[in-house]
Amino acid sequence: MHKIVSLIIVVLTATVVPARAEVPRDRNADFILDHVNVVPMTRETVLFDRSVIVRDGKIVAITDIRSAALYQSATHIDGHGKYLMPGLSDMHVHLRMPPQDFFDLNLALGITTVFNMGIADGNGKYDHLALRASIAAGSMDGPRYLVSGPQLDSGNISMSTVDQVLQDHVDRGYDAVKVHGDLSPELYNAIIAGVRARGLRVRGHGQHMMPLAETLRMDSVEHVEELLYISQDSALGEEAKFGVEEEGNINHFLTAYYHNISRLQDHAYRAGVVRQIAQSSVYWDPTIVIYSMIPIYVSDESFNALAHDPRLQYLPDSMRRESLDPNKNEYRAGLVPVFSKFLLSVGDRTSVAHHFDENVGLLLTLTKELHDAGVPLLIGSDAFGALVPGYAPHQEMELFVKAGLTPYETLQAATVNSAKYLGELDQAGTIEVGKRADFILLGANPLVDIRNAADVRGVFTHGKWFSHDDLTMRLSRTAKDAGSN
């Protein structure tokens, strides 16, 4: 039904071409995209048959074709029948392949901002801050590259080093502090206080051993999956006992997790969780797609089918082989034995695949309920294993729509919400005059079908136009590199 509604909205809200054209004070332009249908993301509408004028990396006009003739530019792009929208963001990535291949995959799929949540990615092989600087300077092609600091857990930060670690974030210019492991209340309080004092951004995993309110002190929580391991009160933490095993078989943490899932399946309890999150003003980056791969990995049929996924041609050969090897895939080899034994121990006769399928359904429900409650959601992929950078955030958006969000609401998470979270909605996130020229050209209307957001025919970012031919070449080169790794 929402597709029909979207089509009606598109027709009714299309802007009327003005009768009189104003002569621009500066007629010079660097780039003009003509006869294009603009999806501005300021509201659910399409501005048909427009010209978008770019100068000095900014949008200086969005006008009718007659007014566009008043501007002079050596570079014109024909947008007939195509749709222009803001570049997409993947707010949770990891760099697990040669950097240029990673960047090219994202560009080719219209991802113009990525947020790396693992400064250790590459095991010291890559200088992520140098990569960020190279892209910003234009000496390397890629999406804007944001970088979090080291993943903070009890192994690399203590009360005696909090100030030093956080000051290092300031000095090195990291784009966020990342909380990763379960911390003591004293240490967690010190990190949050230090972050606030320095005006830093803090993102991360939930604090499983503490009530939900503590996790909500961060700016953004990664993975809706985290709600499976956090309770509103201290019940989960008390039962989990930091994972200490009892009599060598049933893990306390798994038992607490299992009981917490039962509570989340109760609508009244879940409503209280969602309401508390909504009242906190925290952002949430669900990354449902990474969790949705678990039932695929643990099911014989779907696991075997993975080998025929054409997207895997872009993964380095070593990564692809490891993901498809039943003895090396960490979920299939590690998770299945543990959960098979655990489910039987609690009298649950369902299969491991069914257990995780049920969890995926619960996470989809939570995502929709968080959205409906006004929690600002982000699009992130956390792509590893058999998920491919660039493609994975589109799979995430399809899951948002499966959860019940409209294509427009889903695209907001990938554009407007990320700009708001980064504090730059005045510069990015929508296609408006005065904003950064950061947009993608699509072959069909993404408001009608979210899959159209992956039909990328061109990308403009960092002052440069990447044509469809250019993007296709980059994909071919990445596939070739993947086969040689």
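This text follows the structure it describes.
Residues numbered from 1 in each chain as written. Predicted model: local features only at pLDDT ≥ 70, side-chain atom pairs only at ≥ 80, totals over all residues. Heavy atoms only, no water.

Trainee: A description of the sheet that holds strand β8 (residues 144–152) should follow, citing residues and the corresponding values.
Mentor: Strand order in this open sheet of seven strands is β6-β7-β8-β9-β10-β11-β14, and the pairing throughout is parallel. Single-partner strands in this sheet number two, and they are β6 (88–93) and β14 (283–285). Mean inter-strand twist for the sheet, computed between neighbouring axes without regard to direction, equals 25°. Note: β8 against strand β9 (residues 176–179), three bridges, orientation parallel. From the neighbouring strand, Q151 faces β9, where its bridge partner is K178. Helix-sheet contacts for helix α4 (residues 128–137) involve β7 (111–116) and β8, and the interaxial angle to β8 is about 165°. (Pairing = 2+ DSSP bridges. Helix = DSSP H or I, 4+ residues; strand = E, 2+ residues; numbered from the N terminus. Axes fitted to C-alpha atoms, helices over the stretch in contact; angles between N-to-C directions. Contact = heavy atoms within 4.5 Å.)

Trainee: Lay out the packing of aromatic side chains in plain terms, naming residues and giving numbers.
Mentor: All chains considered together, the criterion is met by 17 aromatic pairs. With centroids separated by 4.7 Å and ring planes inclined at 45°, the aromatic side chains of F31 and F460 adopt a geometry described as tilted. Note that F31 is positioned in strand β1 (residues 31–38) and F460 in strand β16 (residues 456–461), a separation of 429 residues in sequence. Both residues of the pair, F31 and F460, belong to the buried class. On the numbers, 5.3 Å between centres and 25° between planes, the contact of F439 with F460 is stacked. Note that F439 is positioned in strand β15 (residues 439–442) and F460 in strand β16, a separation of 21 residues in sequence. One aromatic cluster is present, formed by Y229, F253, Y257, Y258, Y291, F339, F342 and F356 through successive ring pairs. Over the ring of Y421 we find R201, and its NZ or CZ is 5.4 Å from the ring centre. When the ring centre of F115 is taken as reference, the NZ or CZ atom of R203 above it lies at 4.5 Å. (Phe/Tyr/Trp six-rings, centres within 6.5 Å; stacked < 30°, edge-to-face > 60°. Buried < 20%, exposed > 50% of the residue type's maximum accessible area, 1.4 Å probe, protein only. Lys NZ or Arg CZ within 6 Å of the ring centre and 35° of its normal.)

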